[in-house]
Amino acid sequence: MPVWLREHSWRQTLTAVYLSLPLRGARATPANIFCSEQYLKVSIPPFLFEAILYAPIDDTNSSAKIGNGNIFFTLYKKEPAMWDSLTLANADKEKLQYLRERAVLKAHEKAKEETEAKKITKQEHKKYALEATMKLEEAERKRIEDLKEKERQKVAKELELWKNQQKNGDKYKSIQKKGEIHQEIEPLKEKKSEKINKTQIPNEGASKTRLKSTKGCLGSCSIFSQNLKEEQLPAPRAAATIKVNFTPRVFPTALRESRVAEEEEWLHKQAEARRIINSDLSELEDLKEEEKNPDWLKDKGNKMFAMGDYLGAVNAYNLAVRLNNKLPLLYLNRAACHLKLRNLHKAIEDSSKALELLTPPVPDNESARVKAHVRRGTAFCQLELYTEGLQDYEAALKIDPRNKNIEKDAEKIRHLIQGTMQSS
Amino acid sequence: MSAAVVAERPQVVSHVQQALSYTVFDCKWVPRSARLLCLGSAARGTGIIQLYELYGARLELLREIEKPKPIKCGTFGATSLQQRYLATGDFDGNLNIWNLEAPEIPVYSVKGHKEIINSIDGVGGLGIGEGAPEIVTGSRDGTVKVWDPRQNDTPVANMEPIQGESKRDCWTVAFGNAYNQEERVVCAGYDNGDIKLFDLKTMSLRWATNIKNGVCSVEFDRKDINMNKLVATSLEGKFHVFDMRTQHPTKGFAFVSEKAQKSTIWQVRHLPQNRDIFMTSGGSGSLHLWKYEYPAQRSKKDSEGSEMGVAGSLCLLQNVTLSTQPISSLDWSPDKKGLCVCGAFDQTLRVLIVTKLNKI
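Because the structure is predicted, anything quoted here is derived from the model rather than measured. (Residues numbered from 1 in each chain as written. Chains lettered and ligands numbered in written order. Predicted model: local features only at pLDDT ≥ 70, side-chain atom pairs only at ≥ 80, totals over all residues. Heavy atoms only, no water.)

On to the overall build of chain B. Summing up its helical and strand segments, chain B has one helix and 30 strands in all. Residues counted as buried form 64% of the 360 residues belonging to chain B. Counting contacts in chain B only where the partners sit at least 6 residues apart, residues at least 24 apart contribute 50% of the total. When the accessible area of chain B is evaluated, it comes to approximately 13100 Å², of which 47% is carbon and sulfur surface. (Helix = DSSP H or I, 4+ residues; strand = E, 2+ residues; numbered from the N terminus. Buried < 20%, exposed > 50% of the residue type's maximum accessible area, 1.4 Å probe, protein only. Contact = heavy atoms within 4.5 Å. Areas by Shrake-Rupley, 256 points an atom, 1.4 Å probe, with all protein chains shown as cover.)

Below, the discussion takes up the interface of chain A and chain B. Counting residues at the interface gives 43 residues for chain A and 68 residues for chain B. The largest per-residue losses of area from chain A upon contact with chain B belong to Arg237, Ile242 and Phe246 of chain A, which jointly make up 19% of the total buried on that side. Between chain A and chain B we count seven salt bridges in total. Of the charged contacts, one joins Glu53 of chain B and Lys163 of chain A as a salt bridge, the two residues approaching to 4.0 Å between their closest N and O atoms. In this assembly, chain A and chain B are joined by 25 residue pairs in polar contact (both at pLDDT 80 or more). Elements supplying a minimum of two residues to the side of chain A that touches chain B: helix H1 (93-194), helix H3 (223-232) and strand E9 (240-244) of chain A. (Buried area = accessible area lost by both parts, 1.4 Å probe. Salt bridge = Lys/Arg side-chain N within 4 Å of Asp/Glu carboxyl O. Polar contact = N/O pair within 3.5 Å; in protein donor to acceptor, adjacent residues only side chain to side chain.)

Residues and elements named next belong to chain B. Per the counting criterion, the structure on display carries 13 aromatic pairs over all chains. Ring centres of Phe239 and Trp290 lie 5.0 Å apart, and the angle between their planes is 65 degrees; this geometry places the pair in the edge-to-face category. Separated by 51 residues along the polypeptide, Phe239 in strand E20 (residues 238-248) and Trp290 in strand E24 (residues 286-293) bring together distant segments of the chain. Residue classification places Phe239 among the buried positions, given a relative accessible area of 0%. For the ring pair Tyr292 and Tyr294, a centre distance of 5.1 Å and an interplane angle of 90 degrees mean the geometry is edge-to-face. Taking the relative accessible area as the measure of exposure, Tyr292 reaches 1% and is therefore buried. Overall, the relative accessible area of 30% leaves Tyr294 in the partly exposed class. Three or more aromatic residues joined by ring pairs make a cluster, and in this case those are Phe25, Phe91, Trp266 and Phe345. (Phe/Tyr/Trp six-rings, centres within 6.5 Å; stacked < 30°, edge-to-face > 60°.)

Moving on: the packing of helix H5 (residues 294-307) of chain A against helix H7 (residues 328-340) of chain A. Residue and element names in this part refer to chain A. Between H5 and H7, whose axes approach to 11 Å, the crossing angle comes to 25 degrees. By the angle between their directions, the pair H5 and H7 is classed as roughly parallel. At the point where H5 passes H7, the crossing takes the left-handed sense. Listed contacts from H7 to Pro294, Lys298, Asn302 and Phe305 of H5 are Leu329, Leu330, Asn333, Ala336, Cys337 and Lys340. Each residue belonging to the contact of H5 with H7 can be placed in one class, and the counts come to six nonpolar, two polar and two charged. (Axes fitted to C-alpha atoms, helices over the stretch in contact; angles between N-to-C directions. Parallel < 35°, antiparallel > 145°, perpendicular 65-115°, else oblique. Left-handed = near helix turned anticlockwise from the far one by under 90°. Nonpolar A, V, L, I, M, F, W, Y, C, P; charged D, E, K, R; others polar.)

A few words now on the UniProt feature "repeat: WD" (unreviewed entry) in chain B. The UniProt entry lists residues 135-157 of chain B under the feature "repeat: WD" (unreviewed entry), expressed in the numbering used here. Secondary structure across residues 135-157 of chain B divides into 0% helix and 43% strand, with the first and last C-alpha atoms of the span separated by 10 Å. (UniProt positions renumbered as here; feature names shortened; annotations may be inferred.)

Right, let's talk about the UniProt feature "coiled-coil region" (unreviewed entry) in chain A for a bit. The residues that UniProt annotates with the feature "coiled-coil region" (unreviewed entry) are residues 122-154 of chain A. Secondary structure content for residues 122-154 of chain A is 100% helix and 0% strand, while the C-alpha to C-alpha distance between its ends is 48 Å.

In this section: unusual backbone geometry. Residues and elements named next belong to chain B. Positioned with a positive phi, Leu126 is a non-glycine residue whose angle comes to about 60 degrees. When you line up the elements, Leu126 lands in the loop between strand E10 (117-123) and strand E11 (134-139). At Gln347, a position not held by glycine, the phi torsion is positive, near 60 degrees. Within the secondary structure layout, Gln347 lies in the loop between strand E29 (339-344) and strand E30 (348-354). The exposure class of Gln347 is partly exposed, given its relative accessible area of 29%.

So, on to the confidence of the model for chain A. On average, residues of chain A score 79 in pLDDT, and 82% of them are at 70 or above. Predicted confidence is poor over residues 195-229 of chain A, with pLDDT under 50, and the contacts of this stretch with residues over four places away or in other chains come to 21 contacts. (pLDDT = per-residue confidence, 0-100.)

Another point: the pairing of strand E21 (residues 252-259) of chain B. In terms of strand pairing, E20 of chain B meets E21 of chain B through seven bridges, oriented antiparallel. What sits directly across from Lys238 of chain B, in E21 of chain B, is Lys259 of chain B. (Pairing = 2+ DSSP bridges.)

Taken as a whole and assessed by the stated rule, the structure comprises 41 salt bridges over all chains. Across the salt bridge formed by Arg259 of chain A and Glu262 of chain A, the nearest N and O atoms sit 3.8 Å from each other. For Arg259 of chain A, a relative accessible area of 43% gives the class partly exposed. Measuring nitrogen to oxygen at the nearest pair gives 3.2 Å for the salt bridge that ties Asp191 of chain B to Arg168 of chain B. In this pair, Asp191 of chain B sits in the loop between strand E15 (185-190) and strand E16 (194-199) while Arg168 of chain B sits in the loop between strand E13 (157-161) and strand E14 (170-176), placing the two residues 23 residues apart along the sequence. According to the relative accessible area criterion, Asp191 of chain B is buried, its value standing at 2%. Sharing partners across several salt bridges, the network here consists of Lys163 of chain A together with Arg35 and Glu53 of chain B.

Moving on to the sheet that holds strand E2 (residues 23-29) of chain B. All names here are of chain B. Taking strand neighbours across the sheet as the criterion, the four strands line up as E2-E3-E4-E5 in an open arrangement whose pairing is antiparallel. Looking along the sheet, the strands with just one partner apiece sit at the ends: E2 and strand E5 (58-67). Across the sheet, the mean angle from the axis of one strand to that of its neighbour is 25 degrees, orientation sign disregarded. As judged from the seven bridges shared by strand E3 (residues 35-41) and strand E4 (residues 47-55), these two strands associate in the antiparallel manner. Residue pairing in the sheet places Ser41 in a bridge with Gly47 of E4.

This model, assessed by the stated rule, comprises zero disulfides over all chains. For Cys27 of chain B, which is in no disulfide, the shortest distance to another cysteine sulfur is to Cys38 of chain B and amounts to 6.1 Å. (Disulfide = S-S within 2.5 Å.)

This brings us to the pairing of E5 of chain B. Residues and elements named next belong to chain B. In the sheet, E4 pairs with E5 via nine bridges, with the strands oriented antiparallel. What sits directly across from Leu54, in E5, is Leu59. Turn length for the E4-E5 hairpin, with the two strands adjacent in sequence and antiparallel, is two residues, and the turn residue Gly56 shows positive phi of about 60 degrees.

With that settled, the discussion passes to the packing of H5 of chain A against helix H6 (residues 310-323) of chain A. Residues and elements named next belong to chain A. Interhelical geometry of H5 versus H6 gives an angle of 165 degrees and a closest axis separation of 8 Å. Between H5 and H6, the interaxial angle falls into the category roughly antiparallel. Once H5 is placed against H6, the crossing between them reads as left-handed. Together, Pro294, Leu297, Lys298, Gly301, Asn302, Met304 and Phe305 of H5 and Tyr310, Gly312, Ala313, Ala316, Tyr317, Leu319, Ala320 and Leu323 of H6 make up the contact between the two elements. Of the residues belonging to the contact of H5 with H6, the class tally is eleven nonpolar, three polar and one charged.

The following block contains the structure:
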């Protein structure tokens, strides 16, 4: 049950109500005060004060001052009128409830509106800031553009000037040349008349051509220099051929550094394929079609192994490997044959090769890998290299921990090792 | 980018853009004029030569010539300044020299190669250098042939693969070392990365190397001097600058290489007015302007006492992206410093001006 605070005092003017509420030792914060148009509540647990006001107030402009052990409210009335009392009299429970609820709702709405308004102003501020930066950047860009434009115009003017100079220059040159030619022709004519009796054909011939050419267009005045130069030009070169060797390249496309790696790989694979085909062709012509199939050969080998013909099985596997050296099972089975034949080193080699080919260690090739390890381990042990053998057995156990045989064998080897160590 | 940086570096300003209705393979300035030529292939499979004149901010089409076969490359290098005949190589292997005033019949014509002529160069004309004017063509049939316009039908030099050897496409050719009447070299780049230097005076192979990527373009910094520098550009965005003054008996020429862009570098062109500045154009539609800086000593002695060249360093002056398609051809104007034209595979011709080249 809350403790009601009833010792409030108030006074009013036409437009405002001043309410003073002493707090009996309690500390108030703004969160404890709830005020709406016609409802005022102060709740500081366990203290409670509420009042249904006589008339509506303007709650946005009203204020509350917290201090000195009391709260001082300044409430501005909506309608300037003198109130008979602070609170509404004959306020029954229902009305109170109803008013309270309305007050709360109103407060909520107000809060919502406020957040909305805040959002909108924030957005507008952002927009404004964006526009401002854009304007600045535009200005900068424009400045640079203007500089460039100025350069461009300057340059265009220079170009025009140069062009005009060119044209004028040509005109002047041709006029000058014309003048010179006329000057030249005068003395020539005099010479000609002097030498008219002498048969100096070359001179005449030369002067004739010169006269002829001057009757032509202005441009040909330079034929003088042209003729002279032509006489000085060397004869056409004696025809010859130079034979050229190119850096060899297999592909008809151009060489690019970024493609070199791909090209190398492609060539390598081609070479491999060709090698296999070539090596087979020579010796395998007398074999039947099925005997060229590595899988068929593998099956044959397996059958021979089961029957105890270990050498035959090895032959079959050898041929299969020649045809396709990337099948791990071939090496695996050949290792088993070699074990039976007591070719221990070969068995080790083959099991190692098989393991290499089984490189992505996935659950699918688990059994194959276990077999490879076991066979290699057996070979090592028979060579009395017990530590290596143990390593292989342990690897096999790691792949397949549930195999009892392997465990037993591993134990045996451990004992053997300890035995030899003790004795030595 | 601060204003100061903008002000100091050379800028590449796009002056005019011209949309074309055909694929342009080569563009060249007509010497001593503000006119330029475009060579290419129309959609219907014929060759196009267009002559434009630069008027202010636009290009005006003066003449359009159509030929039966698409044209791949052209040069003014072997004609005199007065005649200004254009030598072209086309897709069929024909070398033709045209007088643009009367383009119906070529002045010189020969079916030089069995396959497309990829690249052409001329030397001895335009009042530059000495010696007979000659034209060299490199073709997909693996041969490089040198022609003299005064001699019909047979080349004066033929660099062909040994009988029975498989051939590689020749992608680019360039003349160099033509500083007197006898000396001349031809440099050829092939699609398997080979660069070969043929000496025409001794008719022999002077130097060969392989730069591990197909060679798209080679150019000497000047054709008419003792060979100084050679730039070779290739696929994969790389190019090499060789110092050609000192040849080591085994190691050849010293070089510096640079990987500029992720894509093929289609062309390299040296600025006619400054032989240490060159522009490379790339498959990503970009142009890079480079400056070569010489080392303190251009040659040094190696452990056996033979002379070995020392390569310098490269400095990127500017780069700009103009197009999304490769810029396949580039030409500097020999008359106005900084004016250049480039043609790209987006069927656009662009006239550019590179500023501030005087201050470099």
